[in-house]
Amino acid sequence: MSKTIALAGTFDTKGKEFLFVKELIESLGFRTLTIHTGVFKPAFDPDISNEVIFQAAGENINEIVEAEDRGKATLVLSKGMEIVLPQLYEQGKLDGVLSFGGSGGTSIVTPGMRALPIGVPKIMVSTVASGNVAPYVGTSDIIMYPSIVDVAGLNRISTKIFTNAVFAIVGMLSFENKQRFDNKPLLAATMFGLTTPCINYAKAYVEKQGYEMLVFHATGIGGRTMESLIEAGFIEGVLDITTTEWADEIVGGVLGAGPHRLEAAAKHNVPQVVSVGAMDMVNFGPYETVPERFTGRKFYKHNPTVTLMRTNMEENKHIGEVLAEKLNMASGDTALILPLKGLSGLDVHGQPFYGPEEDQMLFDTLKKNIDQDKVQVIELEKAINDRAFAEAAAEKLIQLIEEKKGEN
(Lines give C-alpha, C1' and ligand atoms only; values in the text may rest on other atoms or scores of the structure.)
Protein backbone atom coordinates (compact mmCIF):
# COMPACT_ATOMS: atom_id res chain seq x y z
CA MET A 1 0.00 0.00 0.00
CA SER A 2 1.36 3.43 -0.91
CA LYS A 3 2.15 5.82 1.89
CA THR A 4 0.42 9.12 2.53
CA ILE A 5 2.06 12.53 2.75
CA ALA A 6 0.09 15.21 4.54
CA LEU A 7 0.34 18.46 2.65
CA ALA A 8 -0.55 21.30 5.01
CA GLY A 9 -0.71 24.98 4.20
CA THR A 10 -2.63 28.09 3.30
CA PHE A 11 -4.51 26.94 0.22
CA ASP A 12 -6.33 30.29 0.02
CA THR A 13 -3.18 32.32 -0.75
CA LYS A 14 -0.87 29.62 -2.11
CA GLY A 15 -3.27 27.28 -3.87
CA LYS A 16 -1.37 27.12 -7.18
CA GLU A 17 1.87 26.23 -5.43
CA PHE A 18 0.32 23.48 -3.31
CA LEU A 19 -1.50 21.99 -6.30
CA PHE A 20 1.85 21.74 -8.09
CA VAL A 21 3.32 19.88 -5.11
CA LYS A 22 0.24 17.69 -4.70
CA GLU A 23 0.34 16.56 -8.32
CA LEU A 24 4.08 15.87 -8.11
CA ILE A 25 3.69 13.73 -4.99
CA GLU A 26 0.89 11.71 -6.56
CA SER A 27 2.86 11.26 -9.80
CA LEU A 28 5.50 9.49 -7.72
CA GLY A 29 2.99 6.92 -6.46
CA PHE A 30 2.22 8.47 -3.07
CA ARG A 31 -1.12 9.58 -1.72
CA THR A 32 -1.73 13.05 -0.33
CA LEU A 33 -3.82 14.27 2.57
CA THR A 34 -4.43 17.98 2.04
CA ILE A 35 -4.97 20.15 5.12
CA HIS A 36 -6.10 23.75 4.66
CA THR A 37 -4.54 26.03 7.30
CA GLY A 38 -5.62 29.36 5.80
CA VAL A 39 -8.46 31.57 7.02
CA PHE A 40 -10.40 32.06 3.79
CA LYS A 41 -11.82 29.89 1.02
CA PRO A 42 -9.21 27.55 -0.47
CA ALA A 43 -8.30 27.41 -4.17
CA PHE A 44 -9.21 23.71 -4.22
CA ASP A 45 -11.21 21.38 -1.99
CA PRO A 46 -8.99 20.01 0.80
CA ASP A 47 -9.35 16.69 2.59
CA ILE A 48 -9.26 18.49 5.94
CA SER A 49 -10.90 21.91 6.05
CA ASN A 50 -9.79 24.86 8.14
CA GLU A 51 -13.10 24.60 9.98
CA VAL A 52 -11.93 21.29 11.46
CA ILE A 53 -8.78 23.00 12.73
CA PHE A 54 -10.68 25.92 14.24
CA GLN A 55 -13.10 23.54 15.95
CA ALA A 56 -10.21 21.55 17.43
CA ALA A 57 -8.95 24.80 18.98
CA GLY A 58 -12.41 25.56 20.34
CA GLU A 59 -13.01 28.59 18.11
CA ASN A 60 -15.68 29.59 15.60
CA ILE A 61 -14.27 30.17 12.11
CA ASN A 62 -16.91 32.76 11.20
CA GLU A 63 -16.06 34.93 14.20
CA ILE A 64 -12.37 34.81 13.33
CA VAL A 65 -13.05 35.77 9.70
CA GLU A 66 -15.29 38.68 10.69
CA ALA A 67 -12.74 40.01 13.16
CA GLU A 68 -10.06 40.15 10.43
CA ASP A 69 -7.44 39.65 13.16
CA ARG A 70 -4.60 37.83 11.43
CA GLY A 71 -2.60 37.45 14.64
CA LYS A 72 -5.42 35.72 16.45
CA ALA A 73 -6.22 33.55 13.45
CA THR A 74 -2.62 32.38 13.27
CA LEU A 75 -2.60 31.58 16.99
CA VAL A 76 -5.87 29.65 16.81
CA LEU A 77 -4.84 27.68 13.73
CA SER A 78 -1.50 26.76 15.30
CA LYS A 79 -3.29 25.46 18.40
CA GLY A 80 -5.68 23.51 16.22
CA MET A 81 -2.88 21.95 14.19
CA GLU A 82 -1.16 20.89 17.40
CA ILE A 83 -4.27 18.81 18.11
CA VAL A 84 -5.34 17.71 14.64
CA LEU A 85 -2.03 16.57 13.14
CA PRO A 86 -1.14 14.00 15.84
CA GLN A 87 -4.74 12.76 15.81
CA LEU A 88 -4.53 12.11 12.08
CA TYR A 89 -1.23 10.30 12.57
CA GLU A 90 -2.63 8.11 15.34
CA GLN A 91 -5.55 7.26 13.04
CA GLY A 92 -3.09 6.05 10.42
CA LYS A 93 -4.04 8.76 7.93
CA LEU A 94 -0.53 10.09 7.30
CA ASP A 95 3.04 8.85 7.24
CA GLY A 96 4.85 12.16 6.88
CA VAL A 97 4.16 15.90 6.66
CA LEU A 98 5.28 18.51 4.14
CA SER A 99 4.49 22.21 4.27
CA PHE A 100 5.49 25.48 2.60
CA GLY A 101 5.09 28.99 3.93
CA GLY A 102 6.35 32.30 5.24
CA SER A 103 6.61 33.19 8.91
CA GLY A 104 2.83 32.90 9.40
CA GLY A 105 2.42 29.60 7.60
CA THR A 106 5.48 28.22 9.37
CA SER A 107 4.18 29.18 12.80
CA ILE A 108 0.81 27.55 12.03
CA VAL A 109 2.06 24.13 10.89
CA THR A 110 5.20 23.53 12.96
CA PRO A 111 3.36 23.18 16.30
CA GLY A 112 1.52 20.22 14.80
CA MET A 113 4.78 18.81 13.45
CA ARG A 114 6.38 19.13 16.89
CA ALA A 115 3.51 17.12 18.36
CA LEU A 116 4.31 14.15 16.10
CA PRO A 117 6.66 11.39 17.29
CA ILE A 118 10.36 11.67 16.60
CA GLY A 119 11.16 9.82 13.39
CA VAL A 120 8.01 10.75 11.50
CA PRO A 121 9.27 12.65 8.41
CA LYS A 122 8.43 16.35 8.65
CA ILE A 123 9.73 19.02 6.31
CA MET A 124 8.94 22.72 6.53
CA VAL A 125 9.98 24.74 3.46
CA SER A 126 10.09 28.26 4.82
CA THR A 127 11.27 31.80 4.19
CA VAL A 128 12.57 31.90 7.78
CA ALA A 129 14.57 28.67 7.60
CA SER A 130 17.96 30.39 7.46
CA GLY A 131 17.40 32.39 10.65
CA ASN A 132 16.75 31.35 14.24
CA VAL A 133 14.55 28.28 13.82
CA ALA A 134 14.45 27.29 17.50
CA PRO A 135 10.90 28.67 18.02
CA TYR A 136 9.65 26.50 15.15
CA VAL A 137 11.67 23.31 15.65
CA GLY A 138 11.76 23.19 19.44
CA THR A 139 12.97 19.76 20.58
CA SER A 140 11.60 17.93 17.54
CA ASP A 141 13.26 16.62 14.36
CA ILE A 142 11.60 19.00 11.91
CA ILE A 143 13.71 19.66 8.82
CA MET A 144 13.66 23.37 8.04
CA TYR A 145 14.33 23.91 4.33
CA PRO A 146 15.07 27.46 3.08
CA SER A 147 12.62 28.42 0.34
CA ILE A 148 15.18 30.86 -1.19
CA VAL A 149 12.33 32.88 -2.74
CA ASP A 150 8.96 33.54 -1.18
CA VAL A 151 6.29 30.88 -1.58
CA ALA A 152 4.52 33.10 -4.07
CA GLY A 153 4.23 31.73 -7.56
CA LEU A 154 5.81 29.05 -9.72
CA ASN A 155 9.12 29.97 -11.29
CA ARG A 156 12.44 28.34 -12.13
CA ILE A 157 13.68 28.76 -8.54
CA SER A 158 10.55 27.91 -6.55
CA THR A 159 9.65 24.84 -8.60
CA LYS A 160 13.15 23.44 -8.12
CA ILE A 161 12.97 23.99 -4.36
CA PHE A 162 9.47 22.50 -4.17
CA THR A 163 10.56 19.51 -6.21
CA ASN A 164 13.64 18.85 -4.09
CA ALA A 165 11.52 19.01 -0.93
CA VAL A 166 9.09 16.47 -2.39
CA PHE A 167 11.94 14.16 -3.39
CA ALA A 168 13.37 14.49 0.12
CA ILE A 169 10.22 13.36 1.93
CA VAL A 170 9.48 10.69 -0.68
CA GLY A 171 13.00 9.37 -0.12
CA MET A 172 12.46 9.25 3.65
CA LEU A 173 9.29 7.24 3.19
CA SER A 174 10.65 4.98 0.45
CA PHE A 175 13.67 3.61 2.27
CA GLU A 176 13.93 1.83 5.59
CA ASN A 177 16.99 1.21 7.72
CA LYS A 178 17.19 -2.56 8.03
CA GLN A 179 19.45 -2.41 11.06
CA ARG A 180 17.71 -3.62 14.19
CA PHE A 181 18.62 -2.68 17.74
CA ASP A 182 18.08 -4.76 20.84
CA ASN A 183 15.28 -3.45 22.98
CA LYS A 184 17.58 -2.42 25.83
CA PRO A 185 16.54 -0.05 28.61
CA LEU A 186 17.29 3.55 27.60
CA LEU A 187 19.36 5.87 29.75
CA ALA A 188 20.01 9.55 29.09
CA ALA A 189 23.21 11.45 29.81
CA THR A 190 24.37 15.03 29.37
CA MET A 191 27.79 15.89 27.98
CA PHE A 192 29.94 18.85 27.06
CA GLY A 193 33.24 18.84 25.21
CA LEU A 194 34.95 19.38 28.55
CA THR A 195 33.12 16.48 30.25
CA THR A 196 33.40 14.05 27.33
CA PRO A 197 35.83 11.60 29.01
CA CYS A 198 33.43 11.17 31.93
CA ILE A 199 30.49 10.28 29.72
CA ASN A 200 32.59 8.00 27.52
CA TYR A 201 33.67 6.00 30.60
CA ALA A 202 30.12 5.94 31.94
CA LYS A 203 28.64 4.91 28.60
CA ALA A 204 31.03 1.97 28.29
CA TYR A 205 30.16 0.92 31.85
CA VAL A 206 26.37 0.94 31.46
CA GLU A 207 26.49 -0.77 28.08
CA LYS A 208 28.34 -3.67 29.69
CA GLN A 209 25.42 -3.89 32.13
CA GLY A 210 22.90 -4.24 29.30
CA TYR A 211 21.72 -0.64 28.99
CA GLU A 212 21.67 1.73 26.02
CA MET A 213 22.66 5.35 26.57
CA LEU A 214 21.50 8.42 24.66
CA VAL A 215 23.92 11.33 25.03
CA PHE A 216 22.68 14.92 24.85
CA HIS A 217 24.96 17.89 24.22
CA ALA A 218 24.27 20.40 27.00
CA THR A 219 23.82 23.38 24.68
CA GLY A 220 20.36 24.49 25.77
CA ILE A 221 18.38 22.65 23.14
CA GLY A 222 20.15 19.43 24.17
CA GLY A 223 18.94 19.70 27.74
CA ARG A 224 15.43 20.59 26.66
CA THR A 225 15.33 17.67 24.24
CA MET A 226 16.39 15.27 26.96
CA GLU A 227 13.73 16.63 29.30
CA SER A 228 11.07 16.18 26.61
CA LEU A 229 12.02 12.52 26.10
CA ILE A 230 11.87 11.95 29.86
CA GLU A 231 8.42 13.55 29.89
CA ALA A 232 7.36 11.27 27.03
CA GLY A 233 8.34 8.15 28.99
CA PHE A 234 11.26 6.95 26.85
CA ILE A 235 13.95 7.16 29.54
CA GLU A 236 14.47 4.74 32.45
CA GLY A 237 17.35 6.54 34.11
CA VAL A 238 19.24 9.83 33.82
CA LEU A 239 22.96 10.46 34.24
CA ASP A 240 22.75 14.24 34.32
CA ILE A 241 26.46 14.82 34.70
CA THR A 242 26.65 18.10 32.78
CA THR A 243 24.25 20.63 34.25
CA THR A 244 26.18 23.61 32.87
CA GLU A 245 23.06 24.95 31.13
CA TRP A 246 22.00 26.32 34.51
CA ALA A 247 25.17 28.43 34.69
CA ASP A 248 24.20 30.05 31.39
CA GLU A 249 20.57 30.42 32.45
CA ILE A 250 21.47 32.19 35.69
CA VAL A 251 24.49 34.26 34.65
CA GLY A 252 23.32 35.23 31.16
CA GLY A 253 25.20 32.98 28.75
CA VAL A 254 23.96 31.79 25.38
CA LEU A 255 23.27 28.12 26.21
CA GLY A 256 20.53 28.30 28.83
CA ALA A 257 17.90 25.57 28.71
CA GLY A 258 15.06 27.50 30.31
CA PRO A 259 13.59 27.58 33.82
CA HIS A 260 12.31 23.98 33.81
CA ARG A 261 15.62 22.21 33.25
CA LEU A 262 16.16 19.43 35.83
CA GLU A 263 12.47 18.95 36.54
CA ALA A 264 11.29 16.08 34.31
CA ALA A 265 13.00 13.18 36.08
CA ALA A 266 11.77 14.37 39.47
CA LYS A 267 8.19 14.87 38.25
CA HIS A 268 8.05 11.43 36.65
CA ASN A 269 9.98 9.51 39.33
CA VAL A 270 12.75 8.55 36.92
CA PRO A 271 15.96 7.55 38.74
CA GLN A 272 18.67 10.16 38.28
CA VAL A 273 22.25 10.78 39.23
CA VAL A 274 23.11 14.46 38.90
CA SER A 275 26.45 16.25 38.99
CA VAL A 276 27.84 19.72 38.39
CA GLY A 277 29.72 19.15 35.16
CA ALA A 278 31.07 22.32 33.48
CA MET A 279 29.50 24.54 36.15
CA ASP A 280 32.84 26.36 36.15
CA MET A 281 31.91 28.09 32.91
CA VAL A 282 29.40 30.31 31.14
CA ASN A 283 29.21 30.24 27.33
CA PHE A 284 29.26 33.14 24.91
CA GLY A 285 29.86 33.48 21.19
CA PRO A 286 32.99 35.10 19.71
CA TYR A 287 34.96 37.15 22.24
CA GLU A 288 33.73 40.47 20.86
CA THR A 289 30.11 39.45 21.61
CA VAL A 290 30.65 39.07 25.37
CA PRO A 291 28.53 41.71 27.16
CA GLU A 292 30.49 44.68 28.54
CA ARG A 293 29.29 44.01 32.08
CA PHE A 294 31.66 41.04 32.22
CA THR A 295 34.78 43.10 31.44
CA GLY A 296 37.67 42.02 33.63
CA ARG A 297 36.46 38.45 34.18
CA LYS A 298 38.50 35.33 33.45
CA PHE A 299 37.90 34.08 29.89
CA TYR A 300 39.02 31.17 27.77
CA LYS A 301 38.69 31.18 23.98
CA HIS A 302 37.50 27.62 23.36
CA ASN A 303 37.42 28.21 19.59
CA PRO A 304 36.81 31.22 17.30
CA THR A 305 33.05 31.07 17.89
CA VAL A 306 32.92 30.03 21.57
CA THR A 307 34.20 32.06 24.52
CA LEU A 308 34.01 30.62 28.04
CA MET A 309 33.88 32.68 31.24
CA ARG A 310 34.79 31.31 34.66
CA THR A 311 31.94 31.40 37.18
CA ASN A 312 32.69 33.33 40.38
CA MET A 313 31.79 32.84 44.04
CA GLU A 314 28.53 34.79 43.95
CA GLU A 315 27.33 33.05 40.80
CA ASN A 316 28.16 29.61 42.17
CA LYS A 317 26.18 30.35 45.30
CA HIS A 318 23.15 31.28 43.22
CA ILE A 319 23.61 28.24 40.95
CA GLY A 320 23.83 25.95 43.98
CA GLU A 321 20.60 27.34 45.41
CA VAL A 322 18.70 26.79 42.16
CA LEU A 323 20.08 23.27 41.62
CA ALA A 324 19.12 22.32 45.15
CA GLU A 325 15.60 23.66 44.59
CA LYS A 326 15.23 21.54 41.45
CA LEU A 327 16.66 18.39 43.03
CA ASN A 328 14.40 18.78 46.06
CA MET A 329 11.44 18.27 43.72
CA ALA A 330 12.34 14.58 43.67
CA SER A 331 10.49 12.11 45.85
CA GLY A 332 13.42 9.70 45.84
CA ASP A 333 15.53 7.77 43.33
CA THR A 334 17.92 10.73 43.12
CA ALA A 335 21.59 11.15 43.96
CA LEU A 336 23.89 14.17 43.67
CA ILE A 337 27.53 13.22 43.07
CA LEU A 338 30.17 15.90 43.56
CA PRO A 339 33.64 15.81 41.92
CA LEU A 340 35.70 17.59 44.58
CA LYS A 341 38.81 17.82 42.40
CA GLY A 342 37.32 19.64 39.43
CA LEU A 343 34.13 20.29 37.46
CA SER A 344 35.52 20.09 33.91
CA GLY A 345 38.64 19.60 31.85
CA LEU A 346 39.48 23.27 32.47
CA ASP A 347 38.85 23.12 36.23
CA VAL A 348 41.74 20.94 37.38
CA HIS A 349 45.13 21.86 38.76
CA GLY A 350 47.21 23.66 36.16
CA GLN A 351 44.29 24.50 33.87
CA PRO A 352 42.85 28.01 33.21
CA PHE A 353 39.63 27.66 35.22
CA TYR A 354 41.08 25.85 38.24
CA GLY A 355 39.18 27.41 41.15
CA PRO A 356 38.95 25.40 44.40
CA GLU A 357 37.33 28.28 46.29
CA GLU A 358 34.65 28.86 43.67
CA ASP A 359 33.95 25.14 43.50
CA GLN A 360 33.76 24.88 47.28
CA MET A 361 31.13 27.62 47.35
CA LEU A 362 29.04 25.56 44.93
CA PHE A 363 29.50 22.36 46.96
CA ASP A 364 28.73 24.04 50.29
CA THR A 365 25.62 25.76 48.94
CA LEU A 366 24.29 22.50 47.54
CA LYS A 367 24.90 20.56 50.76
CA LYS A 368 23.29 23.32 52.81
CA ASN A 369 20.14 23.48 50.69
CA ILE A 370 19.61 19.87 49.55
CA ASP A 371 16.96 17.89 51.41
CA GLN A 372 19.04 14.79 52.11
CA ASP A 373 15.91 12.84 53.04
CA LYS A 374 15.06 13.02 49.34
CA VAL A 375 18.46 13.26 47.66
CA GLN A 376 21.56 11.27 48.49
CA VAL A 377 24.70 13.42 48.37
CA ILE A 378 27.94 11.65 47.42
CA GLU A 379 31.33 13.38 47.54
CA LEU A 380 34.32 11.93 45.71
CA GLU A 381 37.92 13.15 45.86
CA LYS A 382 38.08 12.91 42.08
CA ALA A 383 37.87 15.22 39.09
CA ILE A 384 34.80 14.81 36.93
CA ASN A 385 36.72 13.25 34.04
CA ASP A 386 38.43 10.63 36.19
CA ARG A 387 37.37 7.13 35.24
CA ALA A 388 36.65 6.25 38.86
CA PHE A 389 34.21 9.17 39.15
CA ALA A 390 32.42 8.29 35.93
CA GLU A 391 32.01 4.63 36.84
CA ALA A 392 30.86 5.47 40.36
CA ALA A 393 28.14 7.71 38.93
CA ALA A 394 27.07 5.06 36.42
CA GLU A 395 27.07 2.33 39.06
CA LYS A 396 24.93 4.48 41.36
CA LEU A 397 22.39 5.10 38.59
CA ILE A 398 22.05 1.40 37.86
CA GLN A 399 21.62 0.76 41.59
CA LEU A 400 18.78 3.30 41.77
CA ILE A 401 17.10 1.74 38.73
CA GLU A 402 17.33 -1.76 40.16
CA GLU A 403 16.02 -0.61 43.53
CA LYS A 404 13.02 1.00 41.86
CA LYS A 405 12.32 -2.21 39.92
CA GLY A 406 12.45 -4.12 43.19
CA GLU A 407 9.91 -1.77 44.76
CA ASN A 408 7.53 -2.31 41.84
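Preceding block: the structure.
Residues numbered from 1 in each chain as written. Predicted model: local features only at pLDDT ≥ 70, side-chain atom pairs only at ≥ 80, totals over all residues. Heavy atoms only, no water.

*Asks:* Help me out: how do you make sense of the overall build of the protein in this one?
*Replies:* Each helix and strand counted, the protein has 14 helices and 14 strands in total. Expressed as lengths along the three principal axes of its C-alpha atoms, the size of the protein is roughly 70 × 55 × 40 Å. In the protein, which comprises 408 residues, the proportion classed as buried is 50%. Within the protein, contacts between residues at least 6 apart in sequence are counted, and of these 72% link residues at least 24 apart. Of the roughly 18700 Å² that the protein leaves accessible, carbon and sulfur atoms contribute 50%. Averaging the positions of the 38 positive and the 52 negative side-chain charges in the protein gives two centres separated by 4 Å. (Helix = DSSP H or I, 4+ residues; strand = E, 2+ residues; numbered from the N terminus. Buried < 20%, exposed > 50% of the residue type's maximum accessible area, 1.4 Å probe, protein only. Contact = heavy atoms within 4.5 Å. Areas by Shrake-Rupley, 256 points an atom, 1.4 Å probe, with all protein chains shown as cover. Lys, Arg positive; Asp, Glu negative; His and termini not counted. Charge placed at Lys NZ, Arg CZ, Asp CG, Glu CD.)

*Asks:* In this structure, what is going on with the side chain of Asp333? I would like to understand it.
*Replies:* Following the sequence through the fold, Asp333 ends up in the loop between α12 (313-327) and β13 (334-339). For the buried Asp333, no salt bridge exists, and the shortest N-O distance to an oppositely charged side chain is 4.7 Å, to Lys404. With residues near it in sequence (within four places) discarded, Asp333 still touches Asn269, Val270, Pro271, Gln272, Leu400 and Lys404. (Salt bridge = Lys/Arg side-chain N within 4 Å of Asp/Glu carboxyl O.)

*Asks:* Any chance you could explain the sheet that holds strand β12 (residues 306-310) here in plain terms?
*Replies:* By way of backbone hydrogen bonds, the strands of a sheet pair with one another, either parallel or antiparallel. One open sheet holds the three strands; their spatial order is β10-β12-β11, and the pairing between them is antiparallel. Bordering the open sheet on either side are β10 (281-284) and β11 (299-303), each of which pairs with just one other strand. Put simply, the sheet's adjacent strands are angled 30° from each other on average, direction ignored. Here four bridges tie β11 to β12, and the two strands are oriented antiparallel to one another. Bridge pairing links Tyr300 to Leu308 in β12. (Pairing = 2+ DSSP bridges. Axes fitted to C-alpha atoms, helices over the stretch in contact; angles between N-to-C directions.)

*Asks:* Even after reading the chapter, I still don't get the packing of helix α8 (residues 196-208) against helix α14 (residues 387-407), so can you show me in this structure?
*Replies:* Pairs of packed helices are described in terms of their axes, by the angle between the two and the distance that separates them. Orientation of α8 relative to α14, taken along the N-to-C sense of each, is 45°, at an axis distance of 8 Å. Considering the angle they form, α8 stands oblique to α14. In this structure, the crossing between α8 and α14 has a hand that is right-handed. Every residue of α14 that contacts α8 at Cys198, Tyr201, Ala202, Tyr205 and Val206 is listed here: Arg387, Phe389, Ala390, Glu391, Ala394, Glu395 and Ile398. Split by residue class, the contact of α8 with α14 holds nine nonpolar, no polar and three charged. (Parallel < 35°, antiparallel > 145°, perpendicular 65-115°, else oblique. Left-handed = near helix turned anticlockwise from the far one by under 90°. Nonpolar A, V, L, I, M, F, W, Y, C, P; charged D, E, K, R; others polar.)

*Asks:* Sorry, what's going on with the packing of aromatic side chains here?
*Replies:* Centre distance and the angle of the planes are the two values used to describe a pair of aromatic rings. Applying the stated criterion across every chain yields a total of eight aromatic pairs. Consider the rings of Phe18 and Phe100, whose centres lie 5.7 Å apart with planes at 80°: the pair is edge-to-face. On the criterion of sequence distance, the pair formed by Phe18 in helix α1 (residues 15-27) and Phe100 in strand β3 (residues 96-101) is long-range, its members being 82 residues apart. Phe18 gets classed as buried once you look at its relative accessible area, which sits at 1%. With a centroid separation of 6.4 Å and an interplanar angle of 70°, the aromatic rings of Tyr300 and Phe353 are classed as edge-to-face. Taken as a pair, Tyr300 in strand β11 and Phe353 in the loop between β13 and α13 (356-369) lie far apart in primary sequence, 53 residues in all. (Phe/Tyr/Trp six-rings, centres within 6.5 Å; stacked < 30°, edge-to-face > 60°.)

*Asks:* Looking at this structure, how should I read unusual backbone geometry?
*Replies:* Backbone geometry places Ile148, a non-glycine residue, at a positive phi of 65°. Here Ile148 shows up in the loop between β5 (143-146) and α7 (158-174). Even without being glycine, Asn269 reaches a positive phi, approximately 55°. With respect to the element layout, Asn269 can be found in the loop between α11 (264-267) and β9 (272-274).

*Asks:* When you look at the packing of α1 against α7 in this model, what are you seeing that I'm missing?
*Replies:* Interhelical geometry of α1 versus α7 gives an angle of 40° and a closest axis separation of 10 Å. Considering the angle they form, α1 stands oblique to α7. Crossing handedness for the pair α1 and α7: right-handed. Where α1 abuts α7, its residues Glu17, Phe20, Val21, Leu24 and Ile25 lie against Thr159, Phe162, Thr163 and Val166. Residues of the contact of α1 with α7, tallied by class, amount to six nonpolar, two polar and one charged.

*Asks:* What's the story with the nonpolar core in this structure? I'm lost.
*Replies:* Generally speaking, a soluble globular protein has its nonpolar side chains buried in company with each other. In this structure, Ile35, Met81, Leu85 and Met144 are the most contacted members of the largest nonpolar core, which totals 31 residues. Counting residues per element, the ones that place at least two in this core are β1 (4-9), β2 (31-36), α2 (50-56), α3 (61-67), α4 (70-90), α5 (103-114) and α6 (134-137). Per-element tally for this core: the top contributor is α4, with seven residues. Counting residues in each nonpolar core, the second largest holds 26 residues, with Met279, Val322, Phe363 and Val375 among its members. (Core = buried A, V, L, I, M, F, W, Y, C linked by side-chain atoms within 4.5 Å.)

*Asks:* Quick question: what am I supposed to make of the pattern of salt bridges here?
*Replies:* Charged atoms that come close allow side chains of opposite charge to pair. Considering all chains together, one arrives at 16 salt bridges under this definition. Of the charged contacts in the structure, one is a salt bridge between Asp240 and Arg261, with a shortest N-O distance of 2.8 Å. Pair noted here: Asp240 is in strand β8 (residues 237-240) and Arg261 is in the loop between α10 (245-251) and α11, with a separation of 21 residues, a long-range link. Where salt bridges share partners, they join Glu227, Asp240, Glu245 and Arg261 into one cluster.

*Asks:* Is there a simple way to think about the sheet that holds β1 in this case?
*Replies:* Spatial ordering of the open sheet is given by β2-β1-β3-β4-β5, a layout of five strands whose pairing is parallel. Across the chains shown, the open sheet's two edge strands, defined by having one partner strand only, are β2 and β5. Pairwise comparison of adjacent strand axes, ignoring direction, gives a mean angle of 20° for this sheet. Bridging between β3 and strand β4 (residues 122-126) involves five bridges; their strand directions are parallel. In the strand pairing of β4, Phe100 is matched with Val125. Contacts from α1 reach β1, β2 and β3 within the one sheet, and its direction differs from that of β1 by about 175°.

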